[in-house]
Amino acid sequence: MRHARDTDLPLTVDRTASTGLGEQLVRQIRELVARGVLRPGDPLPSSRALAARLGISRGTVTSAWDVLAGEGYLVADRGATRITPHLEMRRDTGPVARAAAATADAPRARPSGPVPGGDAAASPRVGQHSTPTSPRADIPAAGIPAPTTSPAPTSQRTARRSAVRPEMIDLRPGKSTITSLDTPAWRGAWRDAASGVATGRTLRTDLRDHLADYLRLNRGIVRSPEDILVTAGVRDGLQLALRVLGLARGRRLRVAVENPGYPALRRVVRALGHIALPVGVDEHGLVPEHLPSGWWGGAGRWDVAPAPDAIVLTPGHQYPLGGTMPVTRRMELLAWAREHGALVLEDDYDSELRHSAQPLPALGALDTARDTVVTLGSFAKVLGSSVGVGHLVAPDSLLPDLARTRAELGSPVSLIAQEALARFVDSGEFQRHTARMRRSFRRRRSLLSDVLGGLPHVSVLPMAGGAHAVLAVPDEDATIERARRRGVLVGALGEYWTGQGREGGERGGAGASSSLAEADRGPDERGGVVLGLTAPDRDVERGARVLREVLGEP
C-alpha cells in the first residue's frame, strides 16, 4: 500500500515542557514504534508538512529525524523517510535491522473464490460480502454526478413543485455532489473491480487491510484486519452494535446522545425500540458530568435513573457545533463508562478532514483494554454518501456476536464496492483525493469567514476541520426564509436539538425546512444556520454574499 506523505500521525509538541521540541518528537516516534502504531516500512510525514502543522521549524523536524536515523529507527527510502524496513526491537539494544526472511515480502495467500458468508466460523474475513453482486451499469458512477439532461417539459416541472429549482444554490450540508471525484482513477477502480470480481482476479490486499493501516497510522488504533467489519456507513454500524448489545442485555437500551447532535443517529436508536437520552455539550463536546447516573435532586429527593447502557458521541469533531474533546475529558468519559458498564460508540465521521490544530487519537486508541469503545467510521465526507462504505471496530468481547449477526443478516456492501475502494486506496489516489478535499474545505471555510466577517451579532463558529460550517445568527428562521427567497438554501441549526421541529435526514442533510422559534428554546439552544462545504467555490461565495445581504437587512 502506498501512503500519502501528509499522514496525520498523532504527534504533538508542548512548548511549556522542559524537554526540547525535537526531543519530544524523537520520544513520540519511539513510543509509536514500541506500541505498534508505526511499523517497519511505514512512511513519516514530510518534514515540511509536519513542521507547518505543528508550528515549528523544519530544521527541528529534520534534526529529530536525523537522531532517529542514527538510532536505527528511520531510513531515507524512495524519496521518503520511513520506519526502517525489517526493523526489530530488542529489549537490551533497542532497534536493529534484521535480515529479511525469505517470505517477508511474499503476498498473503487469498482464496481463489468468494468466501462464504453464511457461516461466521467458516469465514476468516468478517465484513466481506458473502456472494458477489452482479455489476450494474450505474455502479461505476457512484459518487459521480449524473450527466446534465435537457430541461423537462413544463408539465413535468409543474408536477415536481417540491423539487429544488435548478437556479437555487443548495448549501445545505450533504446535498452537493463531490464532483472532484469524477476522475479516470475513480472510474478505473470500479471498472477493474467489476472485471476482477467477475473473473476471480481480485487484489491480494483487500479493503480491511487498508482500513487497518489507516486506523493505525491516522487514528492510533492498532487492530488486525480480521477485527474490522465493513459496514454501509455509520448508521449501519450503529444499528448493528445496538442490536447485538440489546440482545446481550435482553431489554430496551438507554442510549445517551449528544444535544445538539446528529438527528439520524437518534432516529436509529428509536427505530430499534431503544430510549434516546439527550446529553448537553459545550465547546469541547459531550459533558460527562451531565450523563444521567443518579444524583441528589434536592428537597429530600434522589434522582435514581439508571445509567445509560451506551453513549453515542462525536469526540473528534462534535456535530454540528465542531468542538474537539480534549484528552483529559476523553479519559474521564472512558472511566465513567467502565464504572457504569456502558458501551461508548464513537462516531469518527470526518477525522481525515482536519485542516488546523493537532490531531488527537481516537477514543478507540485510548481504550487499551479493548473493552469499552466501538469506533464507527465512513468515507461519506470525502467520497460522498452514495458510495455507502464504512467500518466498525469493537471491543474483543463483542466481536464474535457482531460477526455472527453480520453473517446472518448478510453484508449490505457488495464485494465489488469493497474491491473498487481497495483499488482506489492501493493506487494512492484516495490519499491524494483526500488531501485535495481537505484543501478545498479549508479554502471555502476561509471564504465564508472573509465574506461574512464584520457583521454585528453574526459569527462563524470556530472549527478545526470538517465539511460544514455553522453561522451563529440572531434570528435563525428569518435568515433561512430570506435566503431561500433569494435562491439560497441553508440548514437550520435548530434541527439538531432534540425535540425541535422535524429532525433532519442525513448528517447535515437539513431534511426539515423549519425550526422552533427562539422563544421556544432553552437558554443554551442558540440559533444559527449550517452550511455545507462540498458545493463549488463559486456557489459558496455567491451564497455567502446573499447571506451577508440578508443578515445586513434591518
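Residues numbered from 1 in each chain as written. Predicted model: local features only at pLDDT ≥ 70, side-chain atom pairs only at ≥ 80, totals over all residues. Heavy atoms only, no water.

Caption draft 1: Quick look at the pattern of salt bridges. With the rule as written, the count across this model stands at 28 salt bridges. Here E419 ties to R423 by a salt bridge, and the two come within 3.2 Å at their closest N and O atoms. Of this pair, E419 and R423 both sit in helix α13 (residues 415–426), separated by four residues, roughly a single helical turn. On the accessibility criterion, E419 (4% relative accessible area) is buried. A salt bridge links E481 to R485, with the nearest nitrogen and oxygen atoms 3.1 Å apart. One end of the pair, E481, and the other, R485, are both in helix α15 (residues 476–485), four residues apart, so they sit about a helical turn from each other. Taking the relative accessible area as the measure of exposure, R485 reaches 63% and is therefore exposed. (Salt bridge = Lys/Arg side-chain N within 4 Å of Asp/Glu carboxyl O. Helix = DSSP H or I, 4+ residues; strand = E, 2+ residues; numbered from the N terminus. Buried < 20%, exposed > 50% of the residue type's maximum accessible area, 1.4 Å probe, protein only.)

Caption draft 2: Molecular detail of the nonpolar core. Counting 64 residues, the largest nonpolar core has L171, L383, V389, L448, L471 and V490 as the members making the most contacts within it. Ranked by residue count, the leading element in this core is α13, at eight residues. Once residues lying within four places of it in the same chain are set aside, the contact partners of L448 are G453, A469, L531, L533, V540 and A544. (Core = buried A, V, L, I, M, F, W, Y, C linked by side-chain atoms within 4.5 Å. Contact = heavy atoms within 4.5 Å.)

Caption draft 3: How the structure looks around the confidence of the model for the chain. Counting all residues, the mean pLDDT for the chain is 79, and 76% of those residues have values of 70 or more. In the model, residues 1–5 has pLDDT below 50 throughout and makes 22 contacts with residues more than four positions away in sequence or in other chains. pLDDT under 50 marks residues 500–524. Its contacts with residues more than four places away, or in other chains, come to 71 contacts. (pLDDT = per-residue confidence, 0-100.)

Caption draft 4: Broad picture of unusual backbone geometry. Following N259, the chain continues into P260 via a peptide bond in cis, with omega recorded as 5°. Structurally, the position occupied by P260 is in the loop between β7 (254–259) and α8 (263–271). For the peptide bond that leads from Y319 to P320, omega is 15°, which places it in the cis range. You can see P320 is positioned in the loop between β12 (310–313) and α9 (327–340). At R370, a residue that is not glycine, the phi angle is positive and equals roughly 55°. Tracing the sequence through the fold places R370 in the loop between α10 (363–366) and β14 (373–378). Residue classification places R370 among the partly exposed positions, given a relative accessible area of 29%. The phi angle at H457 is positive, at roughly 65°, despite the residue not being glycine.

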